[in-house]
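Below, each chain spelled out in residue letters.
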Amino acid sequence: MGGREPAVRIGLIGGTGLDDPGVLDARQELAFDTPWGPPSAQPVAGRLAGVPVVFLARHGRGHEWPPHRVNYAANLAALQAAGARVVVGLNAVGGIAPWMAPGHVALPDQLIDYTWGRTQSLWDGPGEMRHVEFTDPMDSGVHAHLCTAGATLGLPLTPRGVYGVTQGPRLETRAEIDRLARDGCDMVGMTLMPEAALARELGLAYACIALCVNWAAGRGSRGLHQEMAESMAAATGAALTLLRAALPELAMGVAASGP
Ligand code: HPA
């Protein structure tokens, strides 16, 4: 891999509504190639809440990569090459549980993977075989930092939840959402997997901030796209507020846990 001297430790993967690296101060464009090919977009280093971070737009700068075509491995590897050891993913979701209303933010602690045909592992061919432990898919330390920051803010925020990951790019049917609800899913989105599993394989401490932008199919009374358009700004604002509050403590935690 080529690129600049790694200096930052916290990586951010911005999803729909949060794919604008303009949220950062003192931006610096980086350039990395990875063993898994090019990332969706090149990472951008900068500061958020005064904390050095490196940001990557999951769907590309022009939102050109749909969820089932995102090169999740390359995205994570590019952030790691830029010095990230902690990665926070921001993921837009639809709400299934009654408390997961549009505008609400959750810090999911579990997931169920319904995706198919995506590269699920860095060890994808013949040769070495590894089975990473994934009982708790979020890094407990990063998740706890986000929960603590959220508790002090008084945001509409739930510090847990089960994220059902669907293949997309189409939205779900009413019956599919009923099934996800029976399975115990509180929210539905298309991007947490394989991102979380690949992060675990790469040794990155990963956690997700899920922002609800619509009621899942059949759960609301209005069109999903209308709801998304109306809720995106509030949900994005809440997620950024949480991130800004959490980053200083998170950075201290990363520094304390050594190189
Ligand atoms: N379903 C799947 N993914 C999503 C949704 C949804 O309703 N909203 C935002 N991402």
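Starting afresh in each chain, residues are numbered from 1 along the sequence in its written order. Whole-chain, interface and lining totals are the exception, using all residues; otherwise, since this is a predicted model, local features are given only for residues with pLDDT of at least 70 and side-chain atom pairs are given and counted only at 80 or more. Side-chain measures here rest on the full set of heavy atoms in the structure, leaving out hydrogens and waters.

### Quick notes on the overall build of the protein
Moving on, step 1. Starting at the N terminus, helices and strands are each numbered in turn, a helix being any DSSP run of H or I of at least four residues and a strand any DSSP run of E of at least two. Within the protein one finds five helices and 11 strands.
Moving on, step 2. Taking 18 Å as the expected radius of gyration for a compact globule of 259 residues, we find that the protein reaches 17 Å, a close match to that expectation.
Moving on, step 3. In terms of principal-axis extent, the alpha carbons of the protein reach across some 50 × 45 × 35 Å.
Moving on, step 4. Each residue is placed in one exposure class: buried if its accessible area under a 1.4 Å probe, protein chains only, is under 20% of its type's maximum, exposed if it is over 50%, and partly exposed if it falls in between. Out of the 259 residues in the protein, the part that is buried amounts to 53%. Note that the radius of gyration is over C-alpha atoms, with the globule rule given as 2.2 Å times the number of residues to the power 0.38.

### A short note on helix α1 (residues 72-81)
Moving on, step 1. With nine of 10 residues buried, α1 is to be regarded as a mostly interior element.
Moving on, step 2. The set of residues buried in α1 consists of Y72, A73, A74, N75, L76, A77, A78, L79 and A81.
Moving on, step 3. For this analysis, residues touch if any pair of their heavy atoms sits within 4.5 Å. Looking at the buried residues of α1, the elements they touch are β1 (10-14), β4 (51-57), β5 (86-95) and α4 (195-202).
Moving on, step 4. Positive phi shows up at G83, right after α1, with a value of about 105°.

### Regarding the environment of D186
Moving on, step 1. If you trace the backbone, D186 turns up in the loop between α3 (174-183) and β10 (187-189).
Moving on, step 2. According to the relative accessible area criterion, D186 is buried, its value standing at 10%.
Moving on, step 3. In sequence terms D186 and V162 are 24 residues apart; their C-alpha atoms lie 5.2 Å from each other.
Moving on, step 4. Non-local contacts of D186, meaning those with residues more than four positions away in its chain, are made with G95, I96, A97, W99, M100, R160, G161 and V162.

### Quick look at the pairing of strand β11 (residues 205-215)
Moving on, step 1. Judged by how many residues are buried, β11 sits mostly within the fold: 11 of 11 residues are covered.
Moving on, step 2. Note that β5 and β11 share 10 bridges and pair parallel. Counterpart to L90 in the pairing with β11 is I209. Being paired, for any two strands, means DSSP has found at least two bridges between them.

### Thoughts on the pattern of salt bridges
Moving on, step 1. Note on definitions: salt bridges are taken to be side-chain nitrogens of Lys or Arg within 4 Å of carboxyl oxygens of Asp or Glu. Counting across every chain of the model gives eight salt bridges.
Moving on, step 2. The salt bridge partner of R61 is E29, with a shortest N-O separation of 3.1 Å. Highlighted residues: R61 in the loop between β4 and α1 and E29 in strand β2 (residues 25-29), separated in sequence by 32 residues.
Moving on, step 3. For R170, the salt bridge identified is with E176, shortest N-O distance 2.9 Å.
Moving on, step 4. Sharing partners across several salt bridges, the network here consists of R222, E227 and E230.

### As for the site of the ligand
Moving on, step 1. If a single non-hydrogen atom of a residue is within 4 Å of a molecule or strand, that residue counts as near it. Neighbouring residues of the ligand: A92, V93, G94, L171, E172, V188, G189, M190, V213, N214 and M228.
Moving on, step 2. Within the backbone of A92, an N or O atom sits 3.4 Å from a nitrogen atom of the ligand.
Moving on, step 3. Within the side chain of E172, a nitrogen or oxygen atom sits 2.8 Å from a nitrogen atom of the ligand.
Moving on, step 4. In this description, accessible areas are obtained by the Shrake-Rupley approach with a 1.4 Å probe, and a residue is regarded as covered only by the protein chains that are shown. Taken by itself the ligand offers 260 Å² of open surface, and the protein chains cover 92% of this.
Moving on, step 5. With respect to the pocket detection grid, the ligand is positioned in the largest pocket.
Moving on, step 6. At the level of secondary structure, the elements contributing two or more residues to the shell around the ligand comprise β5, β10 and β11.
Moving on, step 7. Element by element, the count of residues in the shell around the ligand is highest for β5, at three residues.
Moving on, step 8. Asp, Glu, Lys and Arg are counted as charged, while Ala, Val, Leu, Ile, Met, Phe, Trp, Tyr, Cys and Pro are counted as nonpolar; the rest, among them Gly, fall into the polar class. Per-class residue counts for the shell around the ligand are seven nonpolar, three polar and one charged. Polar contact criterion, stated in full: a pair of N or O atoms within 3.5 Å, where within protein one must be able to donate a hydrogen and the other to accept it, and residues adjacent in sequence count only if both atoms are side-chain atoms. Buriedness of a pocket was judged along seven lines, with at least five required to meet protein on both sides within 12 Å; pockets are open sets of points on a 1 Å grid over the protein atoms alone, cavities are sets where a 1.4 Å probe fits but cannot get out, and lining residues have an atom within 4 Å of a point. Assignment to a cavity or pocket requires that more than half of a molecule's atoms be within 2 Å of the site's grid points.

### Here's the deal with unusual backbone geometry
Moving on, step 1. Residue P169 follows G168 across a cis peptide bond; omega there is 0°.
Moving on, step 2. You can see P169 is positioned in the loop between β9 (162-165) and α3.
Moving on, step 3. For the bond running from M193 to P194, omega is 10°, close enough to zero to count as cis.
Moving on, step 4. If you trace the backbone, P194 turns up in the loop between β10 and α4.
Moving on, step 5. At A26, a residue that is not glycine, the phi angle is positive and equals roughly 50°.
Moving on, step 6. Its location among the elements puts A26 in strand β2.
Moving on, step 7. Not every positive phi belongs to a glycine, and A49 is a case in point at roughly 55°.

### What to know about the confidence of the model for the protein
Moving on, step 1. pLDDT is a per-residue confidence score from the predictor, ranging from 0 to 100. Summing up the model confidence of the protein, the mean pLDDT is 91 and the portion of residues at 70 or higher is 95%.
Moving on, step 2. Within the model, the stretch residues 1-6 combines pLDDT values under 50 with 15 contacts to residues more than four positions away or in other chains.

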